[in-house]
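A look at the structure
Listed here are the chains, written in short residue letters.
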Amino acid sequence: SSVVVLATLLQDSAPVLIPPTALRIDNGGNASVLLFEPSDGDTGTVVEVPVTVEADRDGRLIVTDGLEPGVEIVRTGAHALDPGQTVRRFDGFSN
């Protein structure tokens, strides 16, 4: 016989969730994200940061190591950027 157990770990802070489109996987299977480091207003550079993630039952990715809450990461298109590249923060489309 088998059972399915669902457990919830209570912690002091909310988990850091990232979209699957933010995750970069190298040929060795190592996961990372690109962190946005602002330098002048909305302009900055991206830095590759290794992360450890787990998928929850809803398909979201929970970062268990490597990121602190509140940091800015590249959410979409991380695969098209190189670490150290200068980028501009996307704040939406202007009318």
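Our subject is the structure that appears above.
Residues numbered from 1 in each chain as written. Predicted model: local features only at pLDDT ≥ 70, side-chain atom pairs only at ≥ 80, totals over all residues. Heavy atoms only, no water.

**Comments concerning the nonpolar core**
By size, the foremost hydrophobic cluster in this structure holds 12 residues: V16, I18, A22, A31, V33, L35, V49, V51, L61, V63, L67 and I73. For this core, the leading source of residues is strand β3 (residues 31-40), giving 3 residues. For V49, the residues in contact, after removing those within four places along its chain, are S32, V33, L35, G66 and L67. Formed by 7 residues, the second largest nonpolar core is a distinct cluster that contains F36, V46, V74 and V87. (Core = buried A, V, L, I, M, F, W, Y, C linked by side-chain atoms within 4.5 Å. Buried < 20%, exposed > 50% of the residue type's maximum accessible area, 1.4 Å probe, protein only. Helix = DSSP H or I, 4+ residues; strand = E, 2+ residues; numbered from the N terminus. Contact = heavy atoms within 4.5 Å.)

**Quick word on the pairing of β3**
Across a regular strand the side chains alternate sides, sitting on one face of the sheet and then on the other. Taken together, the 2 bridges between strand β2 (residues 24-25) and β3 define a ladder with antiparallel strand orientation. Pairing of I25 across the sheet is with A31, part of β3. Connecting β2 to the next strand, β3, in antiparallel fashion are 5 residues, including G29 with a positive phi near 85°. Taken together, β3 and the strand that follows it, strand β4 (residues 43-50), pair antiparallel across an intervening segment of 2 residues, in which G41 is found at a positive phi of about 65°. (Pairing = 2+ DSSP bridges.)

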